[in-house]
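Working through the structure, step by step
What follows is each chain in one-letter form.
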Amino acid sequence: MKSAIGLLARGAAAIVTTLFLNAQANAAGTLREATIGEPPPLDVMVTTADVATAIGRHMFETLYAWDSSYKSQPLLADSERLEDGGKTIVIKLREGVQFHNGKEMTAKDVVASMERWGKFGARGKLLMASATSVEATGKYEVTLKLSSPNGAWKNLVSDVNGGLAIYPEEIASKATGQPIEQKDYVGTGPYKFKEWRPNRYVELEKFAGYKPRKEKGDGFAGARVANFDAIRFIPVPDVGTRVSGVQAGDYDYAEMISGDLYDTLSKDKSVQVQRTNAPIFGLFFMNSKEGILKDNYKLRRAIQTALDKSQALRVSFGSKDLWKAEGSIVPKDTPWYSTAGIDGYSPHDPKKAKEMAKEAGYTGQPIRLLVSTNYQAHYDQAAVFTRQLADAGINVQMNVVDWATLIKMRGQPEQWDIFVTHHSFFPDPILFTFLNASYAGWWDTAEIKALRAELVNSSDQAARKATWDKIQALIYEQVPVMKVGDAYTYDIASPKLKGLNPNGPAFWNVSNK
C-alpha cells in the first residue's frame, strides 16, 4: 500500500509539473512541438538524424539555404564568384552577423568550420575531399580551391543536415568527430540553446542579436524572424498522444502523424494539416561491411524480388493521396528522374525469390532487421516485408528499438544486417546518405567509388545526369538500399499558427496571430 500511495503521489506530482510547465510555456509565448522522440546530440554537422536537424536548424546556419523550390540562395554568404574553370570558389560573407556569444562571424570561423566538416562532417568529404586549400582571404572572404570542379558544391553547403553549419572558430577548431558539448551549441540562428531536460524537452530561446536577411522568407532561405520567445521540443513517441495533445491545446505542433488518420484529421477543425511539398522515401539499408548480406548481391536481389512495395505503402501511409509506388530514386518532375534499373523495384515473385536465394547459398540463416516504432511507417513496412519474405523462405528477425537506440546501433556493423530509415527529398542526389561511404551501410565498392567521383567532379548537368542513371542501375544490381516508395508525410498544428513552412518544421516566420 505504501508503494501504491507513493506511485500515486509521484503520478500526481508529474501531472502537476506538466501542467505547470505548459502554463509557464503559454505565459512566455513558447511554441511547443511534439517530436517523435528524444533527439541525439544536436551537433548537426556530424549527424543526419532528422529529429536533430529539426531542432538544430533554428540555432545553426549555413552559407546558403534552399528556397521553396529547392534552389540555393545566400544565407550567411553574400555572394560568390568562380575562377579557374570552377576549381576556385570565392565566397563573400555577410557583414555584421553575430554568434549567440556576441562575437561577429568572420572568415576565420567559416574556414575552421569547413576544415572540421571536411574531416568529420557527415557529408563533408563530398566536397572537401577534393579541396587543395581553404583560406580566409579577407575578413569577410573565404577562398576554397579544389582539384577539380564540383557541380554540387552549392547544394552541399545549403543544408544543416550533416552539413556545413558555421560555428565559432574557437569551437570548430577544437572539435573532433564526437558531438560537441551542449555549452558549445553556439550558432548564428534566430534561436539559441537554453536547456535540455532529458526525456522532457529541449528548449531554445529567441536570439535578440539576430540580424535577418533583407529578402522575404522563402522556404529555408530569406529573412528569418523569431516571433516566439522560445520553442520547446517535447519527445512524445506515441502518435496518438501527439494528435490528442494538439487537439487539446497541450502542443502547438506535432510531427509525423500516421497515414490512417489523414482523412479524419483533414476534416477536424481543431487542427490544421501540414502536408510536405516534396516526398520522402523509405529506405532499407543493407550492411556492406559485415554479415550475411555484406557482398552477397544475389541474395539482396532475392530479397527485393520477394517484395510488394505497394502493400507496404498502403499499410504504412493509408490514403492513396499520401503515397506512390515509384522505383526512381528521385521523383518524377525533377531533372534527376530515371528509369534505369527500376524493373527490379517491386517484382513480388516469392517463387523466383526462393530460387534466387538458394542460388545465392542461402539456407535459412536469420537476417537481423533493425527498426524503430518511433516512426510508425518504418515499423509497418518492416512488418509487411518480414511476412512477404517468409513466403519466399527468407528468415527475417525484427529487432525493434527506440529511435535513439537505432541511431546508436546502426553505427555498429556487428549489430544488424538491415536497418530501416527514410530519406527526405534533396535537389541533388550526391546528398543521399547511401552515396556516402562513411554512412551506416558503408557502400564503397569499386564501381560506386568510380561513379561517385564522376558525379562529384563534373559541373556539366547532362553528364552528371548520365552518371546518375548509371548509379541508379548499380543500386538495383548491388542493392545497398531498397527504396520503399514515395510518401508525402504530414504534420498537424494548432489552427492559430500562421506562416508554417511547407519544406518541413521550421518555426521562424511562424506566429499565432
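Remember, predicted model here, so these are calculated numbers, not experimental data. (Residues numbered from 1 in each chain as written. Predicted model: local features only at pLDDT ≥ 70, side-chain atom pairs only at ≥ 80, totals over all residues. Heavy atoms only, no water.)

1. Some details on the sheet that holds strand S5 (residues 88–93)
What links the strands of a sheet is backbone hydrogen bonding, and the strands pair in either a parallel or an antiparallel sense. Stated formally: Pairing between two strands is assigned when DSSP locates at least 2 bridges connecting them. Numbering of helices and strands runs from the N terminus; a helix is a DSSP stretch of H or I covering at least four residues, while a strand is a stretch of E covering at least two. With axes taken as lines fitted to C-alpha atoms, and helix axes fitted only over the stretch in contact, angles between N-to-C directions fall between 0 and 180 degrees. In what follows, a contact means two residues having at least one pair of non-hydrogen atoms within 4.5 Å.
The sheet built from 4 strands is open, its strands ordered S4-S5-S7-S6 with antiparallel pairing. This sheet does not close on itself; its edge strands, each paired only once, are strand S4 (77–83) and strand S6 (131–138). Direction aside, neighbouring strands of the sheet carry axes that sit 15° apart on average. Taken together, the 6 bridges between S6 and strand S7 (residues 141–146) define a ladder with antiparallel strand orientation. Following the sheet pairing, Gly138 is matched in S7 by Glu141. Strand contacts of helix H3 (residues 107–120): S5, S6 and S7, with the helix running at about 165° to S6, the strand carrying the most contacts.

2. Concerning the packing of aromatic side chains
Under the convention used in this document: Two rings belonging to Phe, Tyr or Trp (six-membered ring only in the last case) form a pair when the distance between their centres is within 6.5 Å. Interplanar angles under 30 degrees mark stacking, angles over 60 mark edge-to-face geometry, and anything in between is tilted. When accessible area is computed with a 1.4 Å probe and restricted to protein chains, residues below 20% of their type maximum are described as buried, those above 50% as exposed, and intermediate ones as partly exposed. Counting as a charge over the ring demands two things of the Lys NZ or Arg CZ atom: a distance within 6 Å of the ring centre and an angle within 35 degrees of the ring normal.
For the structure shown, the criterion picks out 20 aromatic pairs. An angle of 40° between the planes, with centres 6.5 Å apart, marks the rings of Phe233 and Phe507 as tilted. Of the two residues, Phe233 sits in strand S10 (residues 230–235) while Phe507 sits in the segment after strand S19 (490–493), which places them 274 residues apart along the sequence. Judged on exposure class, the residue Phe233 and its partner Phe507 are both buried. Seen in terms of ring centroids, Tyr375 and Trp403 are 4.9 Å apart; in terms of plane orientation they differ by 85°. Their pairing is edge-to-face. Residue Tyr375 is located in the loop between strand S15 (367–372) and helix H12 (376–391), and its partner Trp403 is located in helix H13 (residues 403–409); the two are separated by 28 residues in the primary sequence. Accessibility classification places Tyr375 together with Trp403 in one group, the buried group. Ring-pair connections join several aromatic residues into one group, and the members of that group are Phe285, Trp416, Phe419, Tyr439 and Trp442. Taking NZ or CZ as reference, Arg232 lies 4.1 Å from the ring centre of Tyr201, over its face. Stacked on the ring of Trp323, the Lys or Arg Lys320 has its end atom at 4.4 Å from the ring centre.

3. Structural notes on the UniProt feature "domain: Solute-binding protein family" (unreviewed entry) in the chain
Stated formally: UniProt positions are given in the numbering used here, feature names are shortened, and annotations may be inferred rather than shown by experiment.
In the numbering used here, UniProt assigns the feature "domain: Solute-binding protein family" (unreviewed entry) to residues 73–429. Its end C-alpha atoms 18 Å apart, residues 73–429 is made of 26% helix and 23% strand.

4. Description of helix H10 (residues 309–317)
Defined as follows: Think of it as the arc spanned by the lines of direction from the helix axis to the C-beta atoms. Think of a polar contact as two N or O atoms within 3.5 Å of one another; within protein, one of them needs to be a possible hydrogen donor and the other a possible acceptor, and neighboring residues in sequence only count if both atoms come from side chains.
Among the residues of H10, those classed as buried are Lys309, Ala312, Leu313, Ser316 and Phe317. Taken around the axis of H10, the buried residues stretch over an arc of 100°, which confines them to a single face. In this structure, the buried residues of H10 make contact with helix H9 (297–305), strand S14 (323–324), H12 and strand S18 (481–487). Of the residues flanking the start of H10, the one acting as N-cap is Asp308, its side-chain oxygen 3.1 Å from the backbone nitrogen of Ser310. Positive phi shows up at Gly318, right after H10, with a value of about 70°.

5. Observations regarding empty space enclosed by the protein
Here is the rule we go by: As defined here, a cavity is a set of points on a 1 Å grid over the protein atoms alone where a 1.4 Å probe fits but cannot get out. A pocket is an open set with protein on both sides within 12 Å along at least five of seven lines, and residues line them when an atom is within 4 Å of a point. Grid points are joined across faces, edges and corners, and a volume is the space filled by probe spheres set on the points. Three residue categories are used. Nonpolar comprises Ala, Val, Leu, Ile, Met, Phe, Trp, Tyr, Cys and Pro, charged comprises Asp, Glu, Lys and Arg, and polar comprises the others, including Gly. Segmentation of the chain into domains, including their bounds, is taken from an automatic or database domain assignment.
Counted under the stated rule, the structure contains 7 cavities of 30 Å³ or more. Computed from the structure, the largest cavity encloses a volume of approximately 470 Å³. As for the largest cavity, its lining consists of 27 residues, and the residues nearest its centre are Asp50, Arg57, Ser424, Asn503 and Gly504. At 4 residues, the largest contribution of residues to the lining of the largest cavity is made by helix H2 (residues 50–56). Looking at the lining of the largest cavity residue by residue, the classes come out as 13 nonpolar, 9 polar and 5 charged. In this structure, the lining of the largest cavity is formed jointly by two domains, domain 1 (58–185) and domain 2 (280–487), each of which donates at least three residues.

6. A closer look at the pairing of S19
Because side chains alternate across S19, one face comprises the buried residues Tyr490 and Ile492, and the other comprises Asp491 and Ala493, equally buried. By the bridge criterion, 2 bridges tie strand S11 (residues 253–254) to S19 in an arrangement that is antiparallel. Of the residues in S19, the one forming a bridge with Ala254 is Ile492. Where strand S12 (residues 272–275) lies against S19, 4 bridges are found, and the strand directions are antiparallel. Bridging across to S19, Gln272 finds its partner in Ala493.

7. Structural notes on the side chain of Asp252
By secondary structure assignment, the location of Asp252 is in the loop between helix H7 (239–248) and S11. Since its relative accessible area comes to 14%, Asp252 is described here as buried. Within the structure, Asp252 has its side chain in polar contact with the backbone nitrogen of Arg32 (distance 2.8 Å). Ignoring any residue separated from it by four or fewer positions in sequence, one finds Asp252 in contact with Thr30, Leu31, Arg32, Ile492, Ala493, Ser494 and Leu497.

8. Details of the domain arrangement of the chain
Put simply, the test is: Two parts placed together each lose some accessible area under a 1.4 Å probe, and adding up what both lose gives the buried area. What makes a salt bridge here is a side-chain nitrogen of Lys or Arg within 4 Å of a carboxyl oxygen of Asp or Glu, nothing more.
Split by domain assignment, the chain resolves into domain 1 (58–185) and domain 2 (280–487). Each partner contributes to the interface: domain 1 provides 14 residues, whereas domain 2 provides 15 residues. For the pair domain 1 and domain 2, the summed buried surface comes to about 1300 Å²; carbon and sulfur atoms form 61% of the total. Across the contact surface, domain 1 and domain 2 share 0 salt bridges. Taken together, the links from domain 1 to domain 2 amount to 5 residue pairs in polar contact (both at pLDDT 80 or more). Considering only residue class, the side of domain 1 that touches domain 2 consists of 7 nonpolar, 5 polar and 2 charged.

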